[in-house]
Amino acid sequence: QVQLVESGGGLVQPGGSLRLSCAASGSIFSINVMAWYRQPPGKERELVASITSGGSTNYADSVKGRFTISRDSPKNTVYLQMNSLKPEDTAVYYCNADIREYSYISSQPFRNYWGQGTQVTVSP
């Protein structure tokens, strides 16, 4: 079965940095878009950044210039480098990916998967 597992969250002071990782595991043939979402307390989940298989990136305006998304395709892993963190960045961060599984019977479509989230807290 395919799973996404996030790591790297924690408590950091304003202005500090964290690097989140998300590793996909299972019988994976290929991964298309990978993305990071976050859900601050009392707010809805929002897109933070995304990256295509070709390396094209998109960022939310609130994190542009501070966060960097990258991926290591052979390791099926996506990263989010977060610099100059603000209290407003406090949220549960979720990994998301479109993944195609191996099949020797028929071609499989891309399916969307979510990680279970990792807590990022920015506080003095």
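Details of the structure are given in the entry above.
We now examine the pairing of strand β9 (residues 91-101). Bridge count between strand β4 (residues 28-39) and β9: nine bridges; the pairing is antiparallel. Opposite alanine 35, over in β9, you have asparagine 96 as the bridge partner. In this sheet, strand β11 (residues 118-122) lies alongside β9 in antiparallel orientation, the contact comprising three bridges. Its bridge partner lying in β11, valine 92 is registered against glutamine 119. Here β9 runs beside strand β10 (residues 111-114); their pairing, made up of four bridges, is antiparallel.

Quick look at the side chain of threonine 90 now. Within the secondary structure layout, threonine 90 lies in the loop between β8 (77-82) and β9. The exposure class of threonine 90 is buried, given its relative accessible area of 14%. A polar side-chain atom of threonine 90 sits 3.0 Å from the main-chain carbonyl oxygen of proline 87.

Inspection of the entire model under this criterion finds three aromatic pairs. Between tyrosine 94 and tryptophan 114 the ring centres are 6.5 Å apart and the planes differ by 85°, which places this aromatic pair in the edge-to-face class. Of the two residues, tyrosine 94 sits in strand β9 while tryptophan 114 sits in strand β10, which places them 20 residues apart along the sequence. Given the relative accessible area of 13%, tyrosine 94 is considered buried. Classification of tryptophan 114 as partly exposed rests on a relative accessible area of 38%. An aromatic cluster is built from Tyr37, Tyr94 and Trp114, whose rings are joined through pairwise contacts. For the cation-ring pair, arginine 19 lies above tyrosine 79, with the distance from its terminal atom to the ring centre recorded as 4.1 Å.

Parameters and conventions
Residues numbered from 1 in each chain as written. Predicted model: local features only at pLDDT ≥ 70, side-chain atom pairs only at ≥ 80, totals over all residues. Heavy atoms only, no water. Pairing = 2+ DSSP bridges. Helix = DSSP H or I, 4+ residues; strand = E, 2+ residues; numbered from the N terminus. Buried < 20%, exposed > 50% of the residue type's maximum accessible area, 1.4 Å probe, protein only. Polar contact = N/O pair within 3.5 Å; in protein donor to acceptor, adjacent residues only side chain to side chain. Phe/Tyr/Trp six-rings, centres within 6.5 Å; stacked < 30°, edge-to-face > 60°. Lys NZ or Arg CZ within 6 Å of the ring centre and 35° of its normal.

Worth remembering: the numbers are spatial, not functional.
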